[in-house]
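Secondary and tertiary structure notes
In case you want the letters, here they are:
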Amino acid sequence: AAQQLRMIGLSASLANAREVGEWMGVASKGLFNFSPKVRPIPLEIYFHSFDQSNFASRLMAMGKPVYNAVMRHSEGKPSIVFVPSRRQAQLTAIDLMTYYQSIEGETFLGKEAIPEEVAKIAGNLREPALQQVTSSGIGFLHDGMVESDWDQIMDLYQKGSLTVLVCPVDICWKVKIVSHLVVIMGTETFDGRERRYVDYPIADLLHMMGMASRQGIDTCGKCVIMCHTPKKEHLKKLLYDPLPIESHIDHYLHDHFNSEIVTKTISCMQDAVDYITWTLLYRRLSKNPNYYNLQGTSNVHLSEHISEMVETVLGDLEASKCCQLTDDGDVSPLNLGMIAAYYYVQYETLELIAASLTAKTKVRGILEILSHASEFGILPIRQGEEKALKILARNLPQKLPESAQFQDPRTKALVLLHCHFSRKALSTDLRTDQKRVLCDSINLIPAIVDVISSNGWLKPALAAMELSQMVVQGLWNKDNVLMQIPHFTKEIVDRCESYEGEDPIESVFDILTLDDDVRNDLLRLPDEKMADVAVFCNNYPNVEVSFEVQDSDDITASDPVQISVKLEREVDDEDEDEEIDETEFGKVAAPLFPKEKREGWWIVVGDTKTNSLLSLKRVTLQRTQKIMLEFMAPEEPGDYNLTLFCMSDSYLGCDQEYSVPISVAVGESDDDDDDDSSGDESD
């Protein structure tokens, strides 16, 4: 692969390009570094500073100058305005429309645009404010937008019907567009975790400026940066000088090391030191010692600093039971480290999960542990959001823990999960954050299940599996399973519960077996919604489980027991006649889950009396699947009634459990050899 890759292009001028090039293995004759002033299309940069020290006052003062900048520099060509937040994007778009209509009496529609067509498209948009401004040739985007609205606005902008687009800064990397003019309205945004206004990252500013570049169309791009007066000179220096690149791998070394230990790249302290010598960090340590808290630049200082770093990181991993260190400096992975590496979960999260779980943890406890995962520590807390979260928390069916702090992103994750299960309406920003929480949760829950199964606890494992179903379907586990069907409301479920037919309606399958006229009377839904119901019910898994205990007459104490399990998906007779695309099997119908999900199944053998989990496997199922579960027979001879569970990770109400009676005979207790061999097998 290294030989096939000939050219790498970076999007900014670097102050230490030679160092980065050498680190990447590029010879000096193949390295080209240009001044920030050299661009395919020249860029004129205008700074406009404001003295107001209050953030809100400063933004208000920028309203008219933004309009003036668009009128003066854009000359009817496309413009992008970047603002600090989603709310500000809407306000700025409305301000621009109002100024233009009151001063010029015109709109920002492109020269080629047909007002009637734009008005028709605007009428189909979901957001009222967006409808209003789009008709005037202005669009705004944000992360929580409906996909159809986003596509329509982007399409209108790229066709030239809209000449002004207002975007929050947090989506600057997501929008793949260019313009003649870029206006950056303020260079700070509110950070709720630190409870202060923070500057935009310099890389974001450079990226936004770079959007003012329509190659092959313009001879010159223009950028207007509006900022607080004290920051003007500092910004000029940062934007006009090349960007120095520093390494931040030292902040993330724990998870890197853990992955490398699991893959056996690092098997001793020396391997870890060697690993660091291959990084950009190693090259930068002596060049910028103060940045990395180095005491000196000599070889002795350097090697001491790296050795100390390696010892600290490996010591932390050992303390969290992710790896094992010997006195000789050899490193080997432990179970928690393997789980963290397999699921790409931070080692701190695994440490927290392992420390917090007990044999008696229920769904509520697992939900709290899940919400405290380190992955949720980066959730943004916006201005005024604490108050909104408190109001939401007050109306939730379950109380939050007393220790909950509303400026903590983890409390926010817990509130958003509760709102998902209770199907509460949320603001656009919170809905965006909720999507992120749900996508992370579905990756974290299997890791929680694996940690529980390592401890051999049955009930907490089943509770975690139920939590996975709740996350995918957006319901509490105590809710009626019919509520996961699209468009089903409390009223429809009540009608189904009070139905007095031959059989009660208790599951999704019962909806399928009803006569059409009875079903229509109970649901009372229009045809298009009824089609969604049909799709869900047909996708709902009907799985036949069969199992057999191998050599059931010959099970002796402390010997391995094998159970072969066969899962078979039942398909409609009509479907069997047609050619079926097997890849379509297992697609989950989950209207409230933000991305596509494939079915997963946990097959579990446990003893409900002793709350012990004996064996667990996670499988995907298309048509049929055969698996073998293996566990050690109990040490005491006698009759045992075990249970086989087939648990879905996506649907409520389709779990199955079967009784597995086994008789354990007295084992041969002759010599130590047998004990040794059985010990090896259990390992």
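This text gives an overview of the structure that appears in the document. On a predicted model such as this, the values are computed, not experimentally measured, just so you know. (Residues numbered from 1 in each chain as written. Predicted model: local features only at pLDDT ≥ 70, side-chain atom pairs only at ≥ 80, totals over all residues. Heavy atoms only, no water.)

For the rest of this paragraph, the subject is the environment of Met465. Structurally, Met465 can be placed in helix H19 (residues 459-473). When the C-alpha positions of Met465 and Ile448 are compared, they lie 9.4 Å apart, and in sequence the two are 17 residues distant. The contacts of Met465, once residues within four sequence positions are left out, are Val449, Trp602, Val604, Leu616, Met647 and Ser648. (Helix = DSSP H or I, 4+ residues; strand = E, 2+ residues; numbered from the N terminus. Contact = heavy atoms within 4.5 Å.)

Now for the packing of aromatic side chains. In this structure the tally under the stated criterion is 15 aromatic pairs. Measuring from ring centre to ring centre gives 6.0 Å for Phe536 and Tyr540, while their planes differ by 35°; the resulting arrangement is tilted. Like Phe536, the residue Tyr540 is buried in the burial classification. Between Lys174 and the ring centre of Trp150, over which it is positioned, the NZ or CZ distance is 4.5 Å. Between the NZ or CZ atom of Arg618 and the centre of the ring of Trp602, over which it lies, the distance is 4.8 Å. (Phe/Tyr/Trp six-rings, centres within 6.5 Å; stacked < 30°, edge-to-face > 60°. Buried < 20%, exposed > 50% of the residue type's maximum accessible area, 1.4 Å probe, protein only. Lys NZ or Arg CZ within 6 Å of the ring centre and 35° of its normal.)

A few words on the sheet that holds strand E13 (residues 601-607). A sheet is described by the order of its strands in space; here 4 strands give the open sequence E14-E13-E16-E17, paired in antiparallel fashion. A strand with exactly one partner marks an edge of an open sheet, and here the two such strands are strand E14 (612-619) and strand E17 (656-664). Geometrically, the sheet is characterised by an average inter-axis angle of 20° between neighbouring strands, direction not taken into account. (Pairing = 2+ DSSP bridges. Axes fitted to C-alpha atoms, helices over the stretch in contact; angles between N-to-C directions.)

Within a regular strand, side chains alternate between the sheet's two faces. Burial analysis of strand E8 (residues 221-228) places 8 of its 8 residues in the buried class, the great majority of the element. Note that strand E1 (residues 43-50) and E8 share 8 bridges and pair parallel. Its bridge partner lying in E8, Leu43 is registered against Gly221. Across 5 bridges, the pairing between strand E5 (residues 181-185) and E8 is parallel. Counterpart to Met185 in the pairing with E8 is Met226.

Turning to empty space enclosed by the protein, a few remarks are in order. Counted according to the given criterion, the structure contains 1 cavity of 30 Å³ or more. By volume, the largest cavity amounts to about 50 Å³. Taken together, Phe55, Arg58, Leu59, Met62, Gly186, Thr187, Glu188, Cys227 and His228 make up the lining of the largest cavity. It is helix H2 (residues 55-73) that provides the largest number of residues to the lining of the largest cavity, a total of 4 residues. Grouping the amino acids of the lining of the largest cavity by side-chain chemistry returns 4 nonpolar, 3 polar and 2 charged. (1 Å grid on protein atoms, 1.4 Å probe; cavity = no way out; pocket = protein on both sides within 12 Å on 5 of 7 lines; lining within 4 Å. Points joined across faces, edges and corners; volume = space filled by probe spheres on them. Nonpolar A, V, L, I, M, F, W, Y, C, P; charged D, E, K, R; others polar.)

Within the largest apolar cluster, 133 residues are counted, with the highest numbers of intra-cluster contacts made by Phe257, Phe488 and Ile603. When residues of this core are assigned to their parent elements, the largest contribution, 11 residues, is made by helix H18 (residues 428-455). Setting aside residues up to four positions removed in sequence, Phe488 forms contacts with Leu482, Met483, Val493, Cys496, Ile511, Leu523 and Val533. Phe50, Phe55, Ala93 and Met145 belong to the second largest nonpolar core, which has 65 residues in total. (Core = buried A, V, L, I, M, F, W, Y, C linked by side-chain atoms within 4.5 Å.)

Note on placement: His48 falls in strand E1. The class of His48 is partly exposed, set by a relative accessible area of 33%. The spacing of His48 and Ile225 is 177 residues in sequence and 6.1 Å in space, taken between C-alpha atoms. In this structure His48 touches Pro65, Ile225, Met226 and Cys227, once residues within four positions along its chain are discounted.

Now for the pairing of strand E7 (residues 196-199). Relative to E7, strand E6 (residues 188-191) is paired through 4 bridges, and the arrangement is antiparallel. Its bridge partner being in E7, Phe190 is matched across the sheet by Tyr197. Where E6 hands over to E7, the hairpin turn is made up of 4 residues, of which Arg195 adopts a positive phi near 55°.

Another point: unusual backbone geometry. With a phi angle near 70°, Lys264 is a residue other than glycine that sits in the positive phi range. By the secondary structure assignment, Lys264 is in the loop between helix H9 (253-262) and helix H10 (269-277). The backbone phi angle of Tyr344 is positive, close to 55°, even though this residue is not glycine. According to the relative accessible area criterion, Tyr344 is exposed, its value standing at 75%.

It is worth spelling out the sheet that holds E8 at this point. The sheet built from 6 strands is open, its strands ordered E1-E8-E5-E2-E4-E3 with parallel pairing. With partners counted over all chains shown, the strands left at the sheet margins are E1 and strand E3 (138-140), one partner each. Between one strand axis and the next, the sheet turns through 15° on average, direction left out of account. Pairing geometry for E3 and strand E4 (residues 164-168), over 3 bridges, is parallel. Looking at the pairing, Phe140 lines up with Val166 of E4. Across the sheet, helix H3 (residues 86-103) lies against strand E2 (79-83), E3, E4 and E5, angled at about 160° from E4, the strand it touches most. Sheet contacts for helix H8 (residues 232-240): E1 and E8; angle to E1, the most-contacted strand, approximately 160°.

This part covers the side chain of Gln484. Its location among the elements puts Gln484 in the loop between H19 and helix H20 (490-497). Overall, the relative accessible area of 1% leaves Gln484 in the buried class. Looking at Gln484, its side chain comes within polar contact range of the main-chain oxygen of Leu652, at 2.7 Å. Contact partners of Gln484, with chain neighbours within four places excluded, come to Arg423, Gln473, Leu475, Phe536, Tyr540, Tyr651 and Leu652. (Polar contact = N/O pair within 3.5 Å; in protein donor to acceptor, adjacent residues only side chain to side chain.)

Turning our attention to the side chain of Thr428. Looking at the secondary structure, you find Thr428 in helix H18. With residues near it in sequence (within four places) discarded, Thr428 still touches Arg86, His142 and Gly144.

Assignment of secondary structure puts Val437 in helix H18. Judged by its relative accessible area of 1%, Val437 falls in the buried class. Linking Val437 and Lys412, residues 25 residues apart in sequence, is a C-alpha distance of 9.6 Å. When near neighbours in sequence (up to four residues on either side) are disregarded, Val437 contacts Phe376, Leu379, Ala413, Leu416 and Leu417.

Turning our attention to the pattern of salt bridges. This model, assessed by the stated rule, comprises 26 salt bridges. The closest approach of N and O atoms between Arg214 and Asp218, which form a salt bridge, is 2.8 Å. Between Asp429 and Arg382 there is a salt bridge; the shortest N-O distance is 3.9 Å. With a gap of 47 residues between them, Asp429 in helix H18 and Arg382 in the loop between helix H15 (363-371) and helix H16 (385-394) connect regions that are remote in the sequence. Accessibility expressed as a relative area gives 17% for Asp429, which makes it buried. The exposure class of Arg382 is partly exposed, given its relative accessible area of 22%. Several salt bridges share partner residues, and in doing so they unite Arg86, Arg382, Glu385, Lys412, Asp429 and Asp433 into one network. (Salt bridge = Lys/Arg side-chain N within 4 Å of Asp/Glu carboxyl O.)

The values are spatial; any link to function lies outside them.
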